[in-house]
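Listed below, chain by chain, are the residues.
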Amino acid sequence: MSLHDRVAGDPWWRNAVVYQVYPRSFADSDGDGVGDLRGIIQRLDHLDDLGIDVLWLSPIYPSPQDDNGYDISDYRGVDPVFGDLETLDELIADVHRRGMRIVLDLVVNHTSDEHPWFEESRSGLDSPKRDWYWWRPPRLGHRGGEPGAEPTNWEGFFSGSTWEFDEASGEYFLHLFSRKQPDLNWEHPAVRSAVYDMMRWWLDRGIDGFRMDVINLISKDPALPDGPVAPGRSLGDGSAAYLGRERVHSLLREMHREVFTDRTEHILTIGEMPGVRIDQAADHTDPASNELDMVFQFEHVGADHGPGGKWDLGSGGLREAIDVLCRWQDGLADRGWNSLYWNNHDQPRVVSRFGDPERWRDSATALATVLHLQRGTPFVYQGEEIGMTNTPFASVDELRDIESLRFLDDAAGLSAAEALGRVHRMGRDNARTPMQWDASPGAGFSSGTPWIGVTPDRAGISVAEQRTDPTSVLAHYRRLIALRHDEPLVTDGRFRRITTDAPDLLVFTREGEHDAALLVIANLSSEHIEVGESLATAEGDWELVLSNLDPGDWMTRLRPWEAVVARRVVAGDDGTT
Ligand code: ISL
């Protein structure tokens, strides 16, 4: 059944599964080594085959590509490296013809420094667009450009100060990310109306929604106060002045009013929100708020970070990540809606991060099962559905990501080997190696030299090798997605975790009316686990719905990484029980 046939009044996105494409790395149709829109069109059968409902494209707009397109120099076009607007129209039409929807990335916390808005803003103190960005004079008593003269002590997301000095005007501009990504000033009404206008333009062109990049950073405290400096660091944490401020709510409501009301179809809105808390997410995604449909939270993917952030490897792992996800399930049970993800273009590959390389297939499918059976909207990041792994980049020369390269420049106090080791584990390039379509040397991604190397260790990890194998990771994702479409409890059932004595045994139910329920039992470890007493509170008889291994005696003991979904057999259902 296609999305278009679903019951009227039921928001179309509620049981949808989203697939994220990172265009640079998905499919290269012209052999220049960079993925493109034509390549995506040629591979849409793969999304159809998986059962995907929504395609989310990471940025395809004209961009100097300092941060792979998250630095946009023209909001109404397509970068020539990816194709042109006509090809994008063709992609939109093809996606719709297949009964799918398409969501674009909206990156409006910042633009590129090569965007005409910024070029005009930078042109002089009296430019009419000067206040479209955050300009500030050097710190009192300092000369612009000298160390310590930055207007605040903030450290940026990509290491180093958040301020760049502009010789010509003698002022600094704010950039929370790279210096080629100046932050827009959302306090300026003209900025907001220019953004809303652009969003309407895209909706009129036929797109079905937006994934909004760092949307909880758009409101800044105009006083721009210094932030606290952690022991051993030279720069401060300014996030109190720019992360998750109360005003984000009213800005999002205004956007909703200006852009999304009066549309005949529901527009899907997903806000990316680093650092968002559960109570904030409930407020943002409560339908009564008229803000967003769902947000990306970061708590579970922070489970293995240390106090110093992602490069500071922590002691936590999968158990902690699961606890976080369960808290989010409970936290948004009555109000709001979860997004569910393990991977995206910023995260290391989940099977390498939380799975077991020795039990690659079983851990990849178990991790998928426990995510896809939760309440919320699942996101599959390209390659996750075939269990793609992290890449052992041999040297710095093989890395491409600005965040990793900045970290290596800045990693004072760490040996080169230690710093590279951390990049191996946490770096974003792990997610950005070419999509593995087949087992050929170029992985079927490109006939040319890819912009970033293909993962060397990839036996069995390609679409071609898995497509017709019913035991493959790909086949398992296909089954999980089909189950969501066919079984309303996966969308709507109430989540209840059943606590167990075994720390790596995850048990939860999804409960509906009249005793209807699904039971999920997963062994998230490489040891056998006795299930035994754990199921005492999961009353009833259960019939197997789905399993990632040959079904065994799952009510008694689970093999390593065994994950099972069962349905309660309700007496009187069919007159036989
Ligand atoms: O990637 C991160 C941690 O490694 C985050 O800090 C990330 O930068 C943050 O989640 C924001 O991500 C988004 O905005 C960035 C861009 O680099 C990311 O690719 C994008 O997903 C700036 O636009």
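What counts and what doesn't
Residues numbered from 1 in each chain as written. Predicted model: local features only at pLDDT ≥ 70, side-chain atom pairs only at ≥ 80, totals over all residues. Heavy atoms only, no water. Helix = DSSP H or I, 4+ residues; strand = E, 2+ residues; numbered from the N terminus. Rg over C-alpha atoms; globule rule 2.2 N^0.38 Å. Buried < 20%, exposed > 50% of the residue type's maximum accessible area, 1.4 Å probe, protein only. Contact = heavy atoms within 4.5 Å. Areas by Shrake-Rupley, 256 points an atom, 1.4 Å probe, with all protein chains shown as cover. Phe/Tyr/Trp six-rings, centres within 6.5 Å; stacked < 30°, edge-to-face > 60°. Lys NZ or Arg CZ within 6 Å of the ring centre and 35° of its normal. Salt bridge = Lys/Arg side-chain N within 4 Å of Asp/Glu carboxyl O. Axes fitted to C-alpha atoms, helices over the stretch in contact; angles between N-to-C directions. Parallel < 35°, antiparallel > 145°, perpendicular 65-115°, else oblique. Left-handed = near helix turned anticlockwise from the far one by under 90°. Nonpolar A, V, L, I, M, F, W, Y, C, P; charged D, E, K, R; others polar. Expected span 1.5 Å × (residues − 1). Near = heavy atom within 4 Å. Polar contact = N/O pair within 3.5 Å; in protein donor to acceptor, adjacent residues only side chain to side chain. 1 Å grid on protein atoms, 1.4 Å probe; cavity = no way out; pocket = protein on both sides within 12 Å on 5 of 7 lines; lining within 4 Å. Points joined across faces, edges and corners; volume = space filled by probe spheres on them. Pairing = 2+ DSSP bridges. Core = buried A, V, L, I, M, F, W, Y, C linked by side-chain atoms within 4.5 Å.

(A) Representation of the overall build of the protein chain in the model. Scanning the protein chain for helices and strands turns up 15 helices and 20 strands. On C-alpha atoms alone, the protein chain measures out to a radius of gyration of 24 Å, which is about the 25 Å that the 2.2 N^0.38 rule sets for 577 residues. When the backbone C-alpha atoms are referred to their principal axes, the protein chain occupies close to 80 × 55 × 50 Å. When each of the 577 residues of the protein chain is scored for burial, the buried share is 59%. Put simply, 69% of the contacts in the protein chain that link residues at least 6 apart link residues at least 24 apart. By element, 48% of the accessible surface of the protein chain is carried by carbon and sulfur atoms, the whole surface being about 22,100 Å².

(B) Focus on the packing of aromatic side chains. All chains considered together, the criterion is met by 24 aromatic pairs. Look at Phe118 and Phe173: their rings are 4.9 Å apart centre to centre, the planes differ by 70°, and that puts the pair in the edge-to-face class. Within this pair, whereas Phe118 is found in helix α4 (residues 116-122), its partner Phe173 is found in strand β6 (residues 171-174), the two being separated by 55 residues in sequence. Since its relative accessible area comes to 2%, Phe173 is described here as buried. Between the aromatic rings of Phe165 and Tyr172, the centroid separation amounts to 4.9 Å while the plane-to-plane angle is 50°, which identifies the pairing as tilted. Taken individually, Phe165 and Tyr172 each receive the classification buried, so the pair is uniform in this respect. Note that Arg101 overlies the ring of Trp12, its terminal NZ or CZ placed 4.3 Å from the centroid.

(C) Examining the pattern of salt bridges more closely. Scanning the entire structure with this criterion turns up 49 salt bridges. Note that Glu403 and Lys310 form a salt bridge whose closest N and O atoms lie 2.7 Å from each other. With Glu403 in helix α11 (residues 402-410) and Lys310 in strand β11 (residues 309-313), the pair connects residues that are 93 residues apart, well separated along the chain. Close ionic contact of Arg494 with Asp334 constitutes a salt bridge, the shortest N to O distance being 3.3 Å.

(D) Structural context of the packing of helix α10 (residues 360-372) against helix α14 (residues 473-486). Two numbers describe how α10 lies on α14: the axes approach to 10 Å, and their chain directions differ by 15°. The angle between α10 and α14 falls in the class roughly parallel. When you trace α10 past α14, the crossing you get is right-handed. Touching Trp360, Arg361, Ala364, Thr365, Ala368, Thr369 and His372 of α10 are Val473, His476, Tyr477, Leu480, Ile481 and Arg484, all from α14. Considering only residue class, the contact of α10 with α14 consists of seven nonpolar, four polar and two charged.

(E) Expanded view of helix α8 (residues 318-331). Taking 1.5 Å of rise per residue, the 14 residues of α8 would be expected to cover 20 Å, and the 20 Å separating its terminal C-alpha atoms lies within 8% of that figure. Listed in full, the buried residues belonging to α8 are Leu318, Ala321, Ile322, Val324, Leu325, Cys326, Trp328 and Gln329. Against α7 (278-285), β12 (339-340), α9 (350-354), α10, β14 (494-497) and β15 (505-511) lie the buried residues of α8.

(F) Representation of the site of the ligand within the structure. Around the ligand sit 19 residues, and of these Asp67, Asp213, Lys310, His345 and Asp346 come closest. The separation between an oxygen atom of the ligand and a polar side-chain atom of Asp213 is 2.8 Å. Burial of the ligand by the surrounding chains reaches 94%, relative to a free accessible area of 490 Å². Here the residues of the shell around the ligand sort into seven nonpolar, three polar and nine charged.

(G) Inspection of empty space enclosed by the protein at higher detail. With the rule as written, the count across this model stands at one cavity of 30 Å³ or more. In this model, the largest cavity occupies a volume close to 60 Å³. In this structure, the largest cavity is lined by Asn343, Arg349, Val350, Val351, Ala364, Glu384, Gly387, Met388 and Tyr477. When its residues are assigned to classes, the lining of the largest cavity shows five nonpolar, two polar and two charged.

(H) Spotlight on the sheet that holds β6. Strand order across the open sheet formed by three strands is β4-β6-β5, with antiparallel pairing between neighbours. Of all the strands in the sheet, the pair left with one neighbour each is β4 (135-136) and β5 (163-166). Inspection of the sheet shows β5 paired to β6 by four bridges, in the antiparallel sense. Considered in β6, the bridge of Asp166 is made with Glu171.

(I) Expanded view of the side chain of Ser73. Turning to its location among the elements, Ser73 is positioned in the loop between β2 (54-57) and α3 (85-97). Judged by relative accessible area, Ser73 falls into the buried class, the value being 15%. Ignoring any residue separated from it by four or fewer positions in sequence, one finds Ser73 in contact with Pro62, Ser63, Pro64, Ser112, Glu114, His115 and Pro116.

(J) Seen up close, the sheet that holds strand β8 (residues 268-272). The sheet built from eight strands is open, its strands ordered β9-β8-β7-β3-β2-β1-β13-β12 with parallel pairing. Here the strands that pair on one side only, and so sit at the sheet edges, are β9 (294-296) and β12. Strands in contact with helix α6 (residues 247-260) are β3 (101-106), β7 (209-212) and β8; relative to β7, the strand with the most contacts, it is inclined by about 155°.

(K) Layout of the nonpolar core. Core analysis: the biggest nonpolar cluster contains 145 residues, and Leu57, Leu91, Met199, Met255 and Trp342 have the highest contact counts within it. No other element matches the eight residues that helix α5 (residues 189-204) contributes to this core.

(L) Representation of the environment of Leu313 in the model. Structurally, the position occupied by Leu313 is in strand β11. According to the relative accessible area criterion, Leu313 is partly exposed, its value standing at 28%. The residues contacting Leu313, other than those within four sequence positions of it, are Asp304, His305, Gly306, Arg422, Arg425 and Met426.

(M) Quick peek at the environment of Ile529. Along the polypeptide, Ile529 turns up in strand β17 (residues 529-530). If sequence neighbours within four positions are ignored, Ile529 has contacts with Ala502, Asp504, Leu505, Asn523, Thr556, Arg557 and Leu558.

By themselves, these are just geometric observations and shouldn't be taken as functional.
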